[in-house]
Amino acid sequence: VDGTPASVQIEVDGISPEVVVDGERVRDMRDGESEHTTDLTWRMSDDHTDAGQLVPRIEIYQVTDPTDLLSAEHIDTIELAPGATSGTVALSGNALYRAELHVVDSVGNESVSAVLLDASSEDGGGCSAAGGTGGGAGAALLLAALAWLAARARLSAARSRSRG
């Protein structure tokens, strides 16, 4: 019998941060200009990491097939300071973009929220998935893309928990 047994207390954080992007999920940036900017703001929290220590970044993708919002080419990463709750997205060109806000806590758990940015040309050559004449099909496609992103974030959180 060990008179002075060793003991260890381990705390596992397998819960991803909460992140909510303020404003519309589909933003019309079709202003006839070749340069487009929009400000994104969000709220974030976590069960173990203080909001001021959560690390956000914005990943920008150009949607390559307007009928499939998941077909995208990564074009930029905007690194932000820990605790930041806003960022400016600058786009050049007339296309459809997806901005993904990634938030990571102190142990690497990550959450993702996405916004569709429609900077396609106003002459009707752009995508109707962001509220043009495409009707319900575009909205359904957007919802499917957002559901896929949420499922990917949940899978990532589940993998983190299983490793923890």
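Here the structure is shown first, and the text comes after it.
These lines cover the structure that appears in this document, whether it is placed above or below. (Residues numbered from 1 in each chain as written. Predicted model: local features only at pLDDT ≥ 70, side-chain atom pairs only at ≥ 80, totals over all residues. Heavy atoms only, no water.)

**Let's talk about the sheet that holds strand β3 (residues 35-45)**
Phase 1: Taken together, three strands build an open sheet; the order of strands is β1-β3-β6 and the sheet is antiparallel. Looking along the sheet, the strands with just one partner apiece sit at the ends: β1 (18-21) and β6 (86-92). Across the sheet, the mean angle separating the axes of adjacent strands is 30° when strand polarity is ignored.
Phase 2: In this sheet, β6 lies alongside β3 in antiparallel orientation, the contact comprising seven bridges. Residue pairing across strands places Thr-41 opposite Ser-86, the latter belonging to β6. (Pairing = 2+ DSSP bridges. Helix = DSSP H or I, 4+ residues; strand = E, 2+ residues; numbered from the N terminus. Axes fitted to C-alpha atoms, helices over the stretch in contact; angles between N-to-C directions.)

**Description of the pairing of strand β4 (residues 55-65)**
Phase 1: Alignment of β4 against strand β7 (residues 96-104), held across eight bridges, turns out to be antiparallel. Bridge pairing links Ile-58 to Leu-101 in β7.
Phase 2: By the bridge criterion, eight bridges tie β4 to strand β5 (residues 68-79) in an arrangement that is antiparallel. Note that in β5 the partner of Arg-57 across the bridge is Glu-79.
Phase 3: Taking the residues that link successive antiparallel strands as the turn, the β4-β5 hairpin has two residues.

**Points about the environment of Tyr-61**
Phase 1: For Tyr-61, the position within the fold is in strand β4.
Phase 2: Classification of Tyr-61 by relative accessible area gives buried; the value is 17%.
Phase 3: Spatially, the C-alpha atom of Tyr-61 lies 4.3 Å from that of His-74, the residues being 13 residues apart in sequence.
Phase 4: Contacts of Tyr-61, omitting those with residues within four sequence positions, involve Ala-72, Glu-73, His-74, Ile-75, Leu-96, Tyr-97, Arg-98 and Glu-100. (Buried < 20%, exposed > 50% of the residue type's maximum accessible area, 1.4 Å probe, protein only. Contact = heavy atoms within 4.5 Å.)

**Remarks on the packing of aromatic side chains**
Phase 1: Using the criterion set out here, one finds zero aromatic pairs in the structure.
Phase 2: Over the face of the ring belonging to Tyr-61 we find Arg-98, whose NZ or CZ atom lies 4.8 Å from the ring centre. (Phe/Tyr/Trp six-rings, centres within 6.5 Å; stacked < 30°, edge-to-face > 60°. Lys NZ or Arg CZ within 6 Å of the ring centre and 35° of its normal.)

On their own, these measurements won't tell you what the molecule is for.
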